[in-house]
Amino acid sequence: MKSPSTGDLEDYLLSKVDLRSRQISQIVEEVQRVVHRLTTEISLQDLRFQAVPYSDTYNGNIKVLAPSQLLVTVPVKGLAGYREARKQRWRYYTLQGARLPCPLQDPEGLRQWLAVEQFMKSQWQWHEADVNIEGDIVPAKVLQVFRKLVENAIGTCQLSGEVSLLTQRSAVWVAVETSAGQVELELVPAVEIPTAWSAKARWPPCLTRWPSRQRVECIKSFGFALLASSRYHWQQSFLQAEQVLLAQLDEDGGCRRKCLRALRQMKEDVWCPGKRPVLTSHHLQVSARCGACAEPLTTGARACEESRRRGCSRRRRRVNPGCMHVSRRSPSRPLRPSPAGPLSLLFVVPGFVSPPTSPLC
C-alpha cells in the first residue's frame with residue numbers, strides 16, 4: 001500500500017481544519033447573538049454588569065474551549081483605578097458573613113483577594129452586602145447575584161426554549177441550542193484592568209530570548225482581568241495578551257500555528273471525542289505545565305535545563321506554575337519526541353496563559 005505523501009496529508013489536514021473553522025464560526029455567530037441579548041437585559045437589571053458586545057469579526061469576550069464548550073467573560077463596571085494591595089490582612093469570614101476563629105487560606109498561583117479599596121473609584125453598589133464582606137468583593141457572592149440575573153433574563157428575553165440554566169454547578173453555565181447541536185457556555189463576570197500588569201505574573205521567565213523587551217512591554221500594556229470563578233479568590237486572566245502573543249508565534253517563518261490546528265483536530269477526533277472533553281484548546285496552548293522546559297532542541301530549553309540544575313526552575317514553577325517557553329525552532333529543524341508527552345511534542349506556548357476557570361471544562 002502506497003504511503004500518502006506530505007502534500008496529501010497537508011491537504012487532508014487543511015480540509016479538516018477548514019471545515020472545523022467554518023463550523024465553529026457558525027456556532028460562535030449564533031451564540032453571541034444569544035449572549036448579547038441576555039447580557040443586555042442583565043445590564044438593565046443590574047448596572048454592575050455590562051452587555052457583551054456583538055461583533056461581526058473576532059469577539060474577545062468569547063473563547064472557544066471546544067466545539068461544544070465556550071467561555072464567555074461578562075465585563076463588570078463601576079470599578080476604576082485599580083492598584084495592587086499595599087498590605088496583607090487576614091480574612092475571618094464565611095460566605096454568609098459569620099466570623100471564623102481562624103483565617104481563610106491565602107490565594108495561590110494566579111489568584112488574589114479583591115477589596116473595594118483597591119480601586120480609586122467604585123460605585124456604591126459594590127459596597128452592598130450582596131457582593132461585599134468586610135470590604136472584600138467576594139466571587140461566590142458575585143456569582144450568586146449573577147446567576148439569578150441570568151435566570152431572570154432567560155425568561156424576560158423569552159429564550160426558555162433555546163437557553164437553559166445548568167444547575168448543580170458552582171459556576172454559571174447555560175446550554176444553548178444551535179444549528180450544530182447543544183453548546184454549553186460558562187458565563188464569568190470579569191473585572192477588566194487595562195492599565196496595570198499583575199505583580200504575580202512573573203512573565204517573561206528568566207533566560208528567554210523571545211519575545212523581545214519591546215514586545216513584552218507591548219503585551220503587558222493590554223493589562224489583565226480578574227474572573228469570578230471560585231469562592232473567595234479571583235482568578236487572574238490574560239486572554240487579550242494571550243491572543244496577541246499567539247498571533248505572533250510564526251513571525252520567524254515557523255509553523256507553530258499549523259501544529260496547534262493539527263493538535264486540535266487530533267484532540268477532537270481521537271483523544272477526546274464527545275461533547276465534554278477533558279482536554280480543551282486551552283490545554284493544548286499551554287501544553288503540559290510540568291513539561292514546559294522539557295524540549296531539548298531549543299536554546300530556551302537548554303538554558304532552562306541549566307537553570308534547573310541551579311534550582312532556578314523549581315523556584316520559577318512555584319511562583320508561576322503556568323510559566324512556559326515558546327520553541328523558537330528553525331522551520332527546517334526536525335521535531336523529536338519530548339518527555340513532556342504528546343501535548344508538548346509539537347507546540348509549546350509560554351508564559352502567563354491563564355488556566356480554565358473549571359478543572360475539566
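See the structure above.
(A) How the structure looks around the overall build of the protein chain. Helices and strands together make up the secondary structure of the protein chain, namely nine helices and twelve strands. The buried share among the 361 residues of the protein chain stands at 50%. Pairs at least 24 residues apart make up 68% of the contacts formed inside the protein chain by residues separated by at least 6 positions. When the accessible surface of the protein chain is totalled, it reaches about 18,300 Å², and 53% of it is carbon and sulfur.

(B) Structural context of the side chain of Q112. Looking at the secondary structure, you find Q112 in strand β4 (residues 111-112). Polar contacts involving the side chain of Q112 include one to the side chain of Y82, which spans 3.2 Å. A polar contact is formed between the side chain of Q112 and the side chain of Q236, at a distance of 2.9 Å. In contact with Q112, other than residues within four places in its own chain, are Y82, P107, Q118, K200, F224, L226, H233, W234 and Q236.

(C) Looking closely at the packing of aromatic side chains. In the structure shown here, the tally under the stated rule is seven aromatic pairs. Measuring from ring centre to ring centre gives 5.2 Å for F49 and F146, while their planes differ by 40°; the resulting arrangement is tilted. Remark: F146 occurs in helix α2 (residues 139-156) and F49 occurs in the loop between α1 (6-45) and β1 (62-66); sequence separation between them is 97 residues. The pair formed by F49 and F146 is uniform in burial state, with each residue classed as buried. Clustering of aromatic rings is evident, with ring pairs tying together Y82, F119, W197, W203, F224 and F238. Geometry around W126 places R48 over its ring, the cationic atom sitting 5.7 Å from the centre.

(D) Expanded view of the layout of surface pockets. A volume near 880 Å³ is recorded for the largest pocket. No other element matches the eight residues that α1 contributes to the lining of the largest pocket. For the lining of the second largest pocket, the secondary-structure elements that each account for two or more residues are β4 and α8 (312-319). For the lining of the second largest pocket, the residue count by class is seven nonpolar, six polar and 13 charged.

The rules behind each value
The residue numbers shown here count from 1 along each chain, following its written sequence. Per-residue local features of the predicted model are confined to residues with pLDDT of at least 70, and side-chain atom pairs are confined, for both listing and counting, to 80 or more; whole-chain, interface and lining totals are unaffected and use all residues. Hydrogens are left out, water is left out, and the side-chain values use all remaining heavy atoms of the structure. A run of H or I in DSSP counts as a helix once it spans at least four residues, and a run of E counts as a strand once it spans at least two, with each numbered from the N terminus. Each residue is placed in one exposure class: buried if its accessible area under a 1.4 Å probe, protein chains only, is under 20% of its type's maximum, exposed if it is over 50%, and partly exposed if it falls in between. By definition in these notes, contact holds between two residues if any of their heavy atoms fall within 4.5 Å. Shrake-Rupley sampling with a 1.4 Å probe provides the accessible areas, and residues are treated as covered by the protein chains on show and by no other component. Nitrogen and oxygen atoms within 3.5 Å of one another constitute a polar contact, given that in protein one can donate a hydrogen and the other can accept it, and given that sequence-neighbouring residues count only through two side-chain atoms. Only Phe, Tyr and Trp rings are paired, with Trp represented by its six-membered ring, and only when their centres lie within 6.5 Å; those with planes under 30 degrees apart are stacked, over 60 edge-to-face, the remainder tilted. The criterion is that NZ of a Lys, or CZ of an Arg, lies within 6 Å of the ring centre and within 35 degrees of the ring normal, and then a charge sits over that ring. Cavity: a set of points on a 1 Å grid over the protein atoms alone where a 1.4 Å probe fits but cannot get out. Pocket: an open set with protein on both sides within 12 Å along at least five of seven lines, its lining residues, like those of a cavity, having an atom within 4 Å of a point. Grid points are joined across faces, edges and corners, and a volume is the space filled by probe spheres set on the points. Charged residues are taken to be Asp, Glu, Lys and Arg, nonpolar residues to be Ala, Val, Leu, Ile, Met, Phe, Trp, Tyr, Cys and Pro, and polar residues to be all remaining types, Gly included.

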